[in-house]
Amino acid sequence: MNSIFFVSALCAALIPAAICGQTLDPALLTRPATDSWPTYHGDYSGRRFSTLSQINRSNVRHLTLSWIFRIKVGITPNAIVGGEGPIPEGPPSDPGVSTIKSTPLMVNGVLYFSTPDNAWAVDARSGREIWHYTWKTRGGIHIGNRGMGMFGDWLFFETPDNYLVSLDARTGKERWHKEIADVKQEYFSTPAPIVVGNHVLVGTGGDSLDVPGFLESHDPETGEIQWKWWSAPLKKGDPGFETWPDEYAMRHGGGMTWLPGTYDPELHLYFLGTGNPNPVLTGRSRKGDNLYTCSIVALNVDTGKLAWYFQPSPHDTHDWDAAQTPVLIDTVIDGQPRKLLAQANRNGYFFVLDRATGKDILTAPMIRTMNWSKGISSNGQPIPDPGKEATVDGVLVSPPTGGATNWPPPSFDPETGLFYVGTSQAFSMFYLTDTDPHPEGWGAAERDAGYFGGDLEAIDIKTGKIAWDHHYPFGGGPVGILTTAGKLLFTGDGSGHLMAFDPANGDILWHAGLADDLSNGPETYLLDGQQYIVVGAGDQLYAFTVEP
Amino acid sequence: MIATAMLAFGQTPSPEARGPVPKSDPASIARGRESFVGACGFCHGSNAKGGEKGPDLLRSVIVLDDEHGKAIGPVILRGRPDKGMPRFPYSPQQILDISNFLHDAISNAADRDSYKILNIVTGDAKLGQAYFSGHCVSCHSVTGDLKGIGARYEPVTLQGKFLQPDSTWTEGTPPHPVNAFSVTVTLPTGNSFTGVPVNYDDFNVSLREPSGAYRSFKRGKDGPRVEIHNRLQFHLDLLMHISDAEIHNLTAYLVTLK
């Protein structure tokens, strides 16, 4: 009997309550995590700042490896198998399936995380598998999965073929699955569900064809849908319809909801960034600002009703989703306590909003190569230069479609007042390829044109100025970040290292070489009174600690 | 070798992540196109993207969900009298052909890696020549290294050669391989080593010397001194100020160097 089987057998037969019976206390979701990591960002704010300081600037040089867990995907011998698709002919070959982009949940000593079509429970003390669930897919793009949501003993995750799947956290057995979008319309789903009260909030993605985006709330017990918010108006007269030429354009207008949002329990608002409009790289058939694509929106979490919006990229024609984490920050400006929302946007700008109203407080450029905007409007929106929309003979644009930054989670440290984000500087040529008055899909082609390296940037949220910057000439860029009250910042460098920086000045304090580049957002928690740092790199999960 | 390519991010999948798009038999697609244009094109447009009477079929959920004509077959055979669509008494093979044609058109719209770049040679070659004389002649010559370059590459590839040149090439007599990047590591003793960078990060730099020898150095706050040189830095800096019109003009000029 091998040890993995032994643990699985124990879970299934002998002591499920001791090892696997792990109920999430809903109160964990509304206070900053210390002895758990109960939701994608650790808490609802999206700050990815931990108040833990057991690992700190003075002992970080003693940070040492505790364990490594390597995932084995697909129908492994012990896997619990679900799904609507056929039995696959061989093991999954998509690199996305074997890359850990999710931030594991950690509740009562168990880590829960997922990759496309796969989910695991792993003993956080030992790095041993407790169970592995795998989903037989009907298709869809298997690029990544951001992780799981949890309510009591129930786990939720989304699949590339657009099912919301609920598992029993104790056993890994499936409770139910619900289809949320049609894979044949090129939808594919990557977000981590966010649980707020009795709402499981799920979004979707996919912009290969021109389909509309939405966010849904599901009942955690039954999976039934509670409300659905469309990210573009459905018909004339709906809010935002005046920013589209006609109903046909808005119903094929995109606006995917492919990253988890953040939540303010006092305002009762869920904050979400939406994706690009469709057709993606040409706007001829969708003249106007195309609300609520490329927008930061505030939704009433009980009804899905829009409270306010702010659009960082009006009439986007470069695939610059505004899906990046809307980070919630409470601070004092000019003597007044303020509830803010900050976002490092894929279009190259950093935004600070009042999160009660959506009003822009600050808009500042993050990268020097950016060339698509003619300035900032009086309400804080960048003004797109129409001359930088794809033409048949090509236009040179920075940032490229991949953006100045992307999905890897940024962090805000309330002790330094700095917002940390990984950025990338590059250009691309955009060539219009579909000259039809009604282009479809992307409508244009992109070719790389020069790469200036990546940076870890520390941005002062009150001025938008870059307080310090760590440049990587050959890599780095958008990588997940964690800050802690131990006066540490953890991130990766694109050269296979996990690093600890001094968040005040960017000094490197510690590093370790991993077998792959950091591929998720680092996290931390206290277990048995001991602080751990856990990161995903490729197909491996690493746990580090300072031994007492 | 140091990878200068950007990491793959976000929801922009690599071709690998999307997997191969299954292609139907080209003969069936061609037959389907012929049937479609003749019978359906009048209302749905010859490209199936919709016409005055019929909807865009590439965005039709019935078509998207269709497999081998199972969903569209009944619509073709029965028509939609309420919407003014007549019935078409097609054989199962003809329906399969039309289904294959429509799905091929959908996958062509959805698969952006297959998009064909159109005519990019729109610039003024004379102005491009002037730009070349003003910016490029200190390194390049149209009678030397660039002789006949317009005949060697398609315009898009040619344009890419000055926007993002390859980082390795061959030059000299006898011809030898060259890497755009070189790194020089100078130790506190004053000894220095120069070669092609193999790794460069905050903790280590390694290089391969012209002799083929591999050398690796630990990096720290106190050194060694590390200098990176990029022979193509000009091309990178160019991107910060070249205009789209200058790109088009220079392309138009280079194309004439047959």
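Residues numbered from 1 in each chain as written. Chains lettered and ligands numbered in written order. Predicted model: local features only at pLDDT ≥ 70, side-chain atom pairs only at ≥ 80, totals over all residues.

**A look at the overall build of chain B**
Looking only at helices and strands, chain B has eleven helices and seven strands in total. Whereas a compact globule of 258 residues would reach a radius of gyration of roughly 18 Å, chain B reaches 28 Å, over 25% beyond that. Across its three principal axes, chain B shows a C-alpha extent of roughly 90 × 45 × 35 Å. For chain B, the proportion of its 258 residues judged to be buried stands at 29%. For chain B, contacts bridging at least 24 residues in sequence account for 54% of all contacts bridging at least 6. (Helix = DSSP H or I, 4+ residues; strand = E, 2+ residues; numbered from the N terminus. Rg over C-alpha atoms; globule rule 2.2 N^0.38 Å. Buried ≥ 20, exposed ≤ 12 C-beta atoms within 10 Å, placed from the backbone. Contact = placed C-beta atoms within 7 Å.)

**Examining the sheet that holds strand β18 (residues 296-300) of chain A**
Residues and elements named next belong to chain A. Here we have four strands laid out as an open sheet, ordered β16-β17-β18-β19, and antiparallel in their pairing. Two strands close off the open sheet at either side, each with one partner strand: β16 (262-264) and β19 (306-310). Taking the axes of each pair of neighbouring strands and ignoring which way they run, one obtains an average angle of 20 degrees across the sheet. Pairing of β16 with strand β17 (residues 269-273) involves three bridges; the strand directions are antiparallel. (Pairing = 2+ DSSP bridges. Axes fitted to C-alpha atoms, helices over the stretch in contact; angles between N-to-C directions.)

**Considering the sheet that holds strand β4 (residues 192-200) of chain B**
Residues and elements named next belong to chain B. A sheet is described by the order of its strands in space; here five strands give the open sequence β6-β5-β4-β3-β7, paired in antiparallel fashion. The open sheet terminates on both sides in strands that have one partner only, identified here as β6 (214-218) and β7 (225-230). With direction set aside, neighbouring strand axes in the sheet form an average angle of 40 degrees. Pairing geometry for β4 and strand β5 (residues 204-208), over four bridges, is antiparallel.

**Concerning the packing of helix α7 (residues 125-135) of chain B against helix α11 (residues 244-255) of chain B**
Residues and elements named next belong to chain B. One can describe the packing of α7 onto α11 by two numbers: an axis separation of 7 Å at closest approach and a directional angle of 95 degrees. Taken together, the axis directions place α7 and α11 in an arrangement best described as roughly perpendicular. Contacts between α7 and α11 involve Ala125, Leu127, Gly128, Gln129, Tyr131 and Phe132 on the former and, on the latter, Glu246, Asn249, Leu250, Thr251, Ala252 and Tyr253. For the contact of α7 with α11, the per-class residue count stands at seven nonpolar, four polar and one charged. (Parallel < 35°, antiparallel > 145°, perpendicular 65-115°, else oblique. Nonpolar A, V, L, I, M, F, W, Y, C, P; charged D, E, K, R; others polar.)

**Examining the domain arrangement of chain B**
Along its sequence, chain B is organised into domain 1 (23-114), domain 2 (125-165 + 233-255) and domain 3 (177-230). One C-alpha centre belongs to domain 1 of chain B, the other to domain 3 of chain B; they are set 60 Å apart. (Domains from an automatic or database assignment.)

**Here's the deal with the nonpolar core**
By size, the foremost hydrophobic cluster in this structure holds 153 residues, and its most contacted members are Tyr112(A), Met148(A), Met150(A), Leu155(A), Tyr270(A), Ala342(A) and Phe419(A). No other element matches the nine residues that helix α6 (residues 92-110) of chain B contributes to this core. Those residues in contact with Phe419(A), other than ones at most four positions away along the chain, are Val327(A), Ala342(A), Ala344(A), Pro410(A), Phe412(A), Ile459(A) and Ile461(A). (Core = buried A, V, L, I, M, F, W, Y, C linked by C-beta atoms within 7 Å.)

**Things to note about the confidence of the model for chain A**
Overall, the predicted model of chain A reaches an average pLDDT of 94, with 96% of residues at or above 70. Note that residues 1-21 of chain A has pLDDT below 50 and, in this model, 29 contacts with residues that lie over four places away or in other chains. (pLDDT = per-residue confidence, 0-100.)

**A word on the interface of chain B and chain A**
Interfaces are often sized by the accessible area lost when the parts come together. Contacts between the two partners involve 41 residues from chain B, matched on the other side by 55 residues from chain A. Listed by contribution, the elements that provide at least two residues to the side of chain B that touches chain A are α1 (15-18), α4 (61-65), α6, α9 (155-163) and α11 of chain B. Tallied by class, the residues present in the side of chain B that touches chain A amount to 22 nonpolar, nine polar and ten charged.

**Some remarks on the pairing of strand β1 (residues 168-171) of chain B**
Residue and element names in this part refer to chain B. Of the strand pairs in this sheet, β1 and strand β2 (residues 176-179) are connected by four bridges, and their pairing is antiparallel. Its bridge partner being in β2, Glu171 is matched across the sheet by His176. Hairpin connection, β1 to β2: the antiparallel pair is bridged by four residues, and Gly172 has positive phi, about 85 degrees.

**Let's talk about the packing of α9(B) against α11(B)**
All names here are of chain B. The geometry of α9 relative to α11 is characterised by a closest axis approach of 10 Å and an angle of 115 degrees between their N-to-C directions. In the packing of α9 onto α11, the handedness of the crossing is right-handed. Counted together, Pro155, Leu158, Gln159 and Phe162 of α9 and Ile247, Leu250, Thr251, Leu254 and Val255 of α11 form the full contact between these two elements. Residues of the contact of α9 with α11, tallied by class, amount to seven nonpolar, two polar and no charged. (Left-handed = near helix turned anticlockwise from the far one by under 90°.)

**Here we look at the environment of His315(A)**
Residue and element names in this part refer to chain A. Here His315 is to be found in the loop between β19 and β20 (327-333). Judged by local crowding, His315 falls into the partly exposed class, with 19 C-beta atoms found within 10 Å. It is 9.7 Å that separates the C-alpha atoms of His315 and Ile383, two residues lying 68 residues apart in sequence. In this structure, His315 is in contact with Gly283, Gly288, Asp289, Asn290 and Pro384, ignoring residues within four places of it in sequence.

**A word on the confidence of the model for chain B**
Residue and element names in this part refer to chain B. Overall, the prediction assigns chain B a mean pLDDT of 91, with 91% of residues at 70 or greater. Residue range residues 3-10 is modelled with pLDDT below 50. Its contacts to residues more than four positions away, or to other chains, number 17 contacts. Between residues 14-21, whose pLDDT stays under 50, and residues either more than four places distant or in other chains, the model counts twelve contacts. Model confidence for the complex is summarised by a pTM of 0.94, with the ipTM given as 0.92.

**Considering unusual backbone geometry**
Cis peptide bonds are those with omega within 30 degrees of zero, and the linkage from Asn278(A) to Pro279(A) qualifies with -10 degrees. Within the fold, Pro279(A) resides in the loop between β17 and β18. In the segment running from Thr173(B) into Pro174(B), the intervening peptide bond is cis, with an omega of -10 degrees. Take Pro174(B): it is sitting in the loop between β1 and β2. Although it is not a glycine, His268(A) sits at a positive phi angle of roughly 65 degrees.

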